[in-house]
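# Summary of structural features
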Amino acid sequence: MNRGGTLADIGGFMHQRPKECVALDAIITAIQTQSYHTITGKTLRTLFRGKSANNPGFALAAARGLSLIVARQVPDGGYQDGNAQPCREAIAALIAAGTFILGPGHQRPEPR
């Protein structure tokens, strides 16, 4: 169904650009400073200016998807610091390949 557009173009779930962007390094640092404690959305709350509870939770889900955090192997569960290096290497490879990565305040270039 994708005809070269994005989910925003076809009215998908992610229909708006985020109003707040947080650097990946800031997320990794916040996670690593909590390495001896259970990592939750509250761990990332201070990275966001807004009051939305969704932003830290979404960032936590993204961190899990990128293996920046992993499930704790204890009865009370939660997450712990993962390994950020594979994520950093994958992003570096995308940049080296010339992949356009949208940064804060930048618009996607119009197709020619």
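Data block above holds the structure.
All residue numbers refer to position in the chain's written sequence, counted from 1. For this predicted model, a pLDDT threshold of at least 70 governs which residues receive local features, and a threshold of 80 or more governs which side-chain atom pairs are given and counted, while totals over whole chains, interfaces and linings are taken from all residues. Side-chain metrics in this entry use all non-hydrogen atoms of the structure; hydrogen atoms and water are not considered.

### Comments concerning the overall build of the protein chain
- Helix numbering and strand numbering both begin at the N terminus, where a helix is a DSSP run of H or I of at least 4 residues and a strand a DSSP run of E of at least 2. Helix and strand counts for the protein chain stand at four helices and two strands.
- Each helix (α) and strand (β) of the protein chain, taken in turn from the N terminus, gives the series α-α-α-β-β-α.
- Note on classification: 1.4 Å probe, protein chains only; a residue is buried when its accessible area is under 20% of the maximum for its type, exposed when over 50%, partly exposed between these limits. Counting the 112 residues in the protein chain, one finds 16% classified as buried.
- Across the protein chain, every contact between residues at least 6 apart in sequence was considered, and the portion connecting residues at least 24 apart equals 39%.
- Surface accessibility in these figures is a Shrake-Rupley result with a 1.4 Å probe; residues are shielded only by whichever protein chains are displayed. For the protein chain, the accessible area works out to roughly 8,700 Å², and carbon and sulfur atoms hold 56% of it. Residue contacts are counted whenever heavy atoms from the two residues lie within 4.5 Å of one another.

### Concerning the pattern of salt bridges
- Counted as salt bridges are all cases of a side-chain nitrogen of Lys or Arg within 4 Å of a carboxyl oxygen of Asp or Glu. Throughout the structure, instances matching the rule amount to one salt bridge.
- Among the salt bridges present, the one from D25 reaches R88, with a minimum N-O distance of 2.7 Å. Taken together, the positions of D25 in helix α1 (residues 24-33) and R88 in helix α4 (residues 85-96) put the pair 63 residues apart, joining distant regions of the chain.
- Judged by its relative accessible area of 35%, R88 falls in the partly exposed class.

### As for the environment of R88
- Counting along the chain gives 64 residues from R88 to L24, while the straight-line C-alpha distance between them is 9.1 Å.
- Those residues in contact with R88 that lie beyond four places of it in its chain are D25 and I28.
- Polar contact is defined as a pair of N or O atoms within 3.5 Å, subject to the rule that within protein one atom must be able to donate a hydrogen and the other to accept it, and that residues adjacent in sequence are counted only when both atoms are side-chain atoms. Among the polar contacts made by the side chain of R88, one reaches the side chain of D25 at a distance of 2.7 Å.

### What to know about α4
- In a regular helix each residue adds 1.5 Å, so twelve residues correspond to 16 Å; α4 covers 16 Å between its end C-alpha atoms and thus fits that length.
- Phi for G98, located one or two positions after α4, is positive at around 85°. Helix span, expected: 1.5 Å multiplied by one less than the number of residues in the helix.

### Structural notes on the nonpolar core
- Here, nonpolar core means buried Ala, Val, Leu, Ile, Met, Phe, Trp, Tyr and Cys residues that are tied together by side-chain atoms lying within 4.5 Å of each other. Ranked by internal contacts, the top residues of the largest apolar core, which has 14 residues, are I31, L44, L68 and I69.
- Of all elements in the fold, only α1 and α3 (54-65) reach the threshold of two or more residues within this core.
- When residues of this core are assigned to their parent elements, the largest contribution, four residues, is made by α1.
- Every residue in contact with I69, bar those within four places of it in the chain, is listed here: I31, I39, L60, A63, R64, Y79, Q80, D81 and G82.

### Considerations on unusual backbone geometry
- Notably, S67 is not glycine yet its phi reads approximately 65°, a positive angle.
- Of note, S67 is situated in the loop between α3 and β1 (69-71).
- When its relative accessible area of 41% is taken as the criterion, S67 is described as partly exposed.

### Focus on the side chain of T43
- Its place among the elements puts T43 in helix α2 (residues 41-45).
- Ignoring sequence-local partners within four residues, the contact set of T43 consists of A30, Q34 and T38.

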